[in-house]
Amino acid sequence: MRLFACDNCDQVIHFDNRQCVRCNHRLGFFAGDLSTHALESFDEANWQLVSDPNRLVRFCANAGLDICNWLVDDNNDFCIACRHNRLVPNTDTPEGIDRWRRISQAQRHLFYSLLRWNLPHPDRQEDPQGGLVFDFLEDAVQNDGNVVPAMTGHEEGLIAIRAAEADDVTREQARTAMDEPYRTLLGHFRHEAGHFIWNKLVRDRNGFDEFRAVFGDERHDYSAALQDHYANGPVPGWQESFISAYASVHPWEDFAECFAHYLHIVDTLETARSFGMAIDPRGHEEIAAEVDFSPYRAQSAEQLVSAWVPLSLAINAIQRSMGQPDSYPFVLSSPVVTKLEYLHRLIQNAANEQRQAA
């Protein structure tokens, strides 16, 4: 995620900032130019961009509870991310509001990436059968008091996220129970969005041949593969060909996991570039790197990986120095890089098509 600058005083501001700490201007993110802007009040409902006083905008309807700080300049009440929501967390309690704030923060990070590449994200009005829609589900409490956790998953554009995973303790318990090295809300959003993107960029475009050459045949029984995974564990030696144990379940999950990691890598490299970070350990030139290119317009996945590996090694070392677990506990084997290269071509081709059509 790149850094922004206040339009009024040039103070450095971040993606989620609501107010400039120097000049106190109200801030909002405008999807029209993918930037955070300083605002001046125009009337009871509308605001002016300091950088463009003739443009009037409103805050997303979810701004009232400080859920969202994105702006709207059309007839929608909700911003381009929130308008995809169908079921939202319970707002009758402070806990529910806090959950929704954390969920919305992760969701906006996902949409930043989708919008940077102009990847397809039709809602259910545009695509009633397969449009992108989110349900943030509460756990069910049975009569005997037992809690039945809501399930996170994807089905034909419907992404369900367990709202309780916005709680750090609950999410850590789930991570430990599933024996996962990494589990975050943003990771859920990016993984489940990967299933949606597969529908739009592979299935709906009849891109099966190239996909199967890289990931395998998705026509294999998914339910049986999932059942076998949970009964017997991941396939032996999965580390040689897959980014995670779960990726080895089925080609659909492999694609979704790789899509999530592609977004992890690109977005983090953009952050590193914004901060001018460079890795240059003395006597270890083989792990030196500088992000001197735009990750969202990288020439190849290899270019991304060459910068990412040294950076992730350094970040992990810093985490360990603080007594924290690795931020990126994964290894990018050659087969995984090949899959990332496929994703890079798929995403860049889709982005180029949209730029040419604009």
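Anything mentioned here points back to the structure above.
Here's a quick rundown of the structure. (Residues numbered from 1 in each chain as written. Predicted model: local features only at pLDDT ≥ 70, side-chain atom pairs only at ≥ 80, totals over all residues. Heavy atoms only, no water.)

**Describing helix α1 (residues 94-117)**
Spacing of three or four residues puts side chains on the same side of an α-helix, whose turn is 3.6 residues.
Now for step 1: The end-to-end C-alpha separation of α1 is 35 Å, in line with the 34 Å expected for 24 residues at 1.5 Å each.
Now for step 2: Judged by how many residues are buried, α1 sits mostly within the fold: 17 of 24 residues are covered.
Now for step 3: Positive phi appears at N118, one or two residues downstream of α1, with a value of about 55°. (Helix = DSSP H or I, 4+ residues; strand = E, 2+ residues; numbered from the N terminus. Expected span 1.5 Å × (residues − 1). Buried < 20%, exposed > 50% of the residue type's maximum accessible area, 1.4 Å probe, protein only.)

**A word on the environment of I159**
Now for step 1: Along the chain, I159 falls in strand β13 (residues 158-162).
Now for step 2: Looking at I159, the relative accessible area reads 0%, which means it is buried.
Now for step 3: Between the alpha carbons of I159 and A193 there is a distance of 7.5 Å; along the sequence they are 34 residues apart.
Now for step 4: Excluding anything up to four places from it in sequence, I159 contacts L132, V133, F134, D135, G153, H154, E192 and A193. (Contact = heavy atoms within 4.5 Å.)

**Structural notes on the sheet that holds strand β7 (residues 71-72)**
Now for step 1: Read from one edge to the other, the open sheet built from five strands follows the order β3-β4-β5-β6-β7, with strand pairing classed as antiparallel. The strands lining the two open edges of the sheet, one partner per strand, are β3 (26-30) and β7. (Pairing = 2+ DSSP bridges.)

**What to know about the packing of aromatic side chains**
Now for step 1: As enumerated under the stated definition, the model contains 27 aromatic pairs in all.
Now for step 2: Each residue in the set F4, F15, F29, W70, Y112, W117, Y262 and Y296 is aromatic and connected to the rest through ring pairs, giving one cluster.
Now for step 3: Across the ring face of F59, the terminal group of R26 is positioned such that the distance to the ring centre comes to 4.0 Å. (Phe/Tyr/Trp six-rings, centres within 6.5 Å; stacked < 30°, edge-to-face > 60°. Lys NZ or Arg CZ within 6 Å of the ring centre and 35° of its normal.)

**Structural notes on the sheet that holds β13**
Now for step 1: Spatially, β8-β9-β13-β12 is the arrangement adopted by the four strands of the open sheet, whose pairing is mixed. Each having just a single partner strand, β8 (85-87) and β12 (153-155) make up the two edges of the open sheet. In this sheet, neighbouring strand axes are inclined to one another by 25° on average, regardless of whether the strands run parallel or antiparallel.
Now for step 2: Two elements, strand β9 (residues 133-137) and β13, share five bridges in a ladder whose sense is parallel. (Axes fitted to C-alpha atoms, helices over the stretch in contact; angles between N-to-C directions.)

**Topic: unusual backbone geometry**
Now for step 1: Of note in this structure, D66 is not a glycine but carries a positive phi near 60°.
Now for step 2: One non-glycine residue with positive phi stands out, namely D179, at about 55°.
Now for step 3: Exposure remark for D179: the relative accessible area of 70% places this residue in the exposed category.

**As for the state of the cysteines**
Now for step 1: Applying the stated criterion to the full structure yields zero disulfides.
Now for step 2: Left without a disulfide partner, C9 is nearest to the cysteine sulfur of C20, which lies 3.5 Å away.
Now for step 3: Between C79, a free cysteine, and C68, which holds the nearest cysteine sulfur, the sulfur-to-sulfur gap is 3.7 Å.
Now for step 4: For C79, a relative accessible area of 1% corresponds to the buried category. (Disulfide = S-S within 2.5 Å.)

Note that all results are geometric; they support no functional claim without further evidence.
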